[in-house]
Amino acid sequence: MGADLSSGDLARATGNTVRTIRFYEEEGLLKPSVVSDGGHRRYTEDDLERLRLITDLRELGLSLCEIRSILELRTGCHSAAEFAIRFQSVLAGHLEQAQRRLERLRRVKRELLDALSTIQERLSSAGVEQCPCAVAEEAGAPRIVRVLARQQGCCGHHPYPPVAAEQAEHVRAAVPPAVVRKTSGT
């Protein structure tokens, strides 16, 4: 099998950057099959498959150390049975981790869909001119809406947000009472 692929070819095939490929080399996860005298790296189809596996394992959330241990499963194995035992023990835990991650991703996806629906519903109602925190305080608002729509110092439904109330008090202290009474309608 010829080393016909460049770092750029690997990057395009996997969605990684050339810098990421170089990083994986520095970490010992990937090794070019050939390095020319000029420093040009060349890879085989097997190297590409290895990089695809590394990319998939990173997507699952595995650390570089965990990926390294998976890539080194074969090291020191003298029989297929020994390899199978190692393979099963290491990957079983990662499979459980992947299942938990998928469940979290499905939950977050449902929450995002609910949030989009909630926002669209609120925009089509009379509350368009309300403060964004009003959307968060309505019953049944998804967590992401509650977290993102609220802002520290936001008034919610009060005439003055806490910061504005404090600023208004400073203005009142600096302006003579007669002027305050005239502007406040008393």
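Scroll up for the structure.
The structure displayed is predicted, hence computed values, not measured ones.

A. Up close: the overall build of the chain. Summing up its helical and strand segments, the chain has 9 helices and 2 strands in all. Along the chain, helices (α) and strands (β) appear in the sequence α-α-β-β-α-α-α-α-α-α-α when read from the amino end. Of the contacts formed within the chain by residues at least 6 apart in sequence, a portion of 45% connects residues at least 24 apart.

B. Fine view of helix 2 (residues 18-26). Those residues of helix 2 that sit buried are I21, Y24 and E25. Around the axis of helix 2, the buried residues are gathered within 105° of arc, so they sit on the same side. Against the buried residues of helix 2 lie helix 1 (7-14), strand 2 (41-42), helix 3 (45-59) and helix 4 (64-71). Once helix 2 finishes, G28 follows within two positions and takes phi at roughly 80°, a positive value.

C. Structural context of the nonpolar core. With 17 residues, the main nonpolar core has L10, I21, Y24, L29, L30, I54 and I67 as its most contacted residues. Contacts of I54, omitting those with residues within four sequence positions, involve Y24, L29, L30, I67 and L71.

D. Seen up close, the pattern of salt bridges. All chains considered together, the criterion is met by 7 salt bridges. Note that R19 is salt-bridged to E26, the shortest N-O span being 3.5 Å. Taking the relative accessible area as the measure of exposure, E26 reaches 52% and is therefore exposed. With its nearest N and O atoms 2.8 Å apart, the salt bridge here joins R52 to E49. Taken together, the residues span about one helical turn, with R52 and E49 both in helix 3 at a distance of 3 residues. Relative accessible area serves as the criterion here: at 44%, E49 is assigned to the partly exposed category.

E. Seen up close, the packing of aromatic side chains. Following the criterion strictly, the structure yields 2 aromatic pairs and no others. Judged by centre distance (6.1 Å) and plane angle (50°), the ring pair of F23 and Y24 falls under tilted. Judged by relative accessible area, Y24 falls into the buried class, the value being 6%. Here F83 and F87 contribute two aromatic rings whose centre-to-centre distance is 5.8 Å and whose plane-to-plane angle is 40°, an arrangement assigned as tilted. Of the two residues, F83 and F87 both sit in helix 5 (residues 80-124), 4 residues apart, roughly one turn of that helix.

Analysis parameters
- Residues numbered from 1 in each chain as written.
- Predicted model: local features only at pLDDT ≥ 70, side-chain atom pairs only at ≥ 80, totals over all residues.
- Heavy atoms only, no water.
- Helix = DSSP H or I, 4+ residues; strand = E, 2+ residues; numbered from the N terminus.
- Contact = heavy atoms within 4.5 Å.
- Buried < 20%, exposed > 50% of the residue type's maximum accessible area, 1.4 Å probe, protein only.
- Arc of directions from axis to C-beta.
- Core = buried A, V, L, I, M, F, W, Y, C linked by side-chain atoms within 4.5 Å.
- Salt bridge = Lys/Arg side-chain N within 4 Å of Asp/Glu carboxyl O.
- Phe/Tyr/Trp six-rings, centres within 6.5 Å; stacked < 30°, edge-to-face > 60°.

Honestly, it's all geometry; don't read function into it.
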